[in-house]
Amino acid sequence: MQLTNYTEYALRVLLFLGTLEEGEKTNIKEISTAFSLSEHHLSKIVHELGKLGYIETIRGRNGGIRLAKRPEEIVIGAVVRETEDNLSLVECFAAHGNECVLTPACRLRFALREALEAFLRVLDAYTLADLLENRTSLRILLGERRNR
């Protein structure tokens, strides 16, 4: 299984925002520079994370982006579920379009569903705060990238 770039970048945005000092804001350009990602692509992700309630976007001259929740309240499994557009590992997971002739007797789909549930259960055990335990190191690395 591989997460989409969209989900990976959403997690990177949250990590970036989690390294900011309380009250500090940033912008899409700064995040884009730090990760060498398209500003256009990141703006879609930032918009979606805002709609989902993970980040706050403030308009105006003193505007910017920051976390809308405390890192302890952001569960990584929930972020993955909300940003990943398709967690169907195989064709038979789909309600429509399943043409596999083995589906009525196949036990593989049950094993794969169990594996997917285990994967998400592990991610549910982590919050953004857990991923920020080395916040100082992350901030240094991101700071070096921002200042290029």
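Scroll up a little and you will see the structure.
The paragraphs below set out a description of the structure included in this document. The structure displayed is predicted, hence computed values, not measured ones.

### Description of the overall build of the protein
Here is step 1 of the chain: Looking only at helices and strands, the protein features seven helices and two strands.
Here is step 2 of the chain: Going from N to C terminus, the protein has its helices and strands arranged as α-α-α-β-β-α-α-α-α.
Here is step 3 of the chain: Over its C-alpha atoms, taken along the principal directions, the protein stretches across nearly 60 × 30 × 25 Å.
Here is step 4 of the chain: Relative to its full complement of 148 residues, the protein shows a buried share of 32%.
Here is step 5 of the chain: Residue pairs at least 24 apart in sequence account for 66% of intrachain contacts in the protein once pairs closer than 6 positions are excluded.
Here is step 6 of the chain: Accessible surface, the protein as shown: approximately 9,300 Å² in total, 50% of it carbon and sulfur.
Here is step 7 of the chain: Distance from the positive charge centre (20 side chains) to the negative charge centre (21 side chains) of the protein: 4 Å.

### Structural notes on the environment of V122
Here is step 1 of the chain: As for its position among the elements, V122 is in helix α5 (residues 108-124).
Here is step 2 of the chain: Here V122 falls in the partly exposed class, since its relative accessible area comes to 48%.
Here is step 3 of the chain: Once the C-alpha coordinates of V122 and I76 are considered, the two residues, 46 residues apart in sequence, prove to be 9.2 Å apart.

How each quantity is defined
Throughout this description, residue numbers start from 1 for each chain and increase along the sequence as written. Only residues with pLDDT of at least 70 are given local features in this predicted model, and only at 80 or more are side-chain atom pairs given and counted; all residues enter the totals for whole chains, interfaces and linings. As a rule here, side-chain values cover all heavy atoms of the structure and leave hydrogens and water aside. Secondary structure elements follow DSSP: runs of H or I no shorter than four residues count as helices, runs of E no shorter than two count as strands, and numbering proceeds from the N terminus. Exposure is judged per residue with a 1.4 Å probe applied to protein chains only, and the accessible area is read against the type maximum: over 50% gives exposed, under 20% gives buried, and values in between give partly exposed. Every residue pair with non-hydrogen atoms within 4.5 Å of one another is taken to be in contact. The Shrake-Rupley method, run with a 1.4 Å probe sphere, supplies the accessible areas, and residue values consider only the shown protein chains as cover. Counting rule applied: Lys, Arg positive; Asp, Glu negative; His and chain ends not counted. To locate a charge, take NZ of a lysine, CZ of an arginine, CG of an aspartate or CD of a glutamate.

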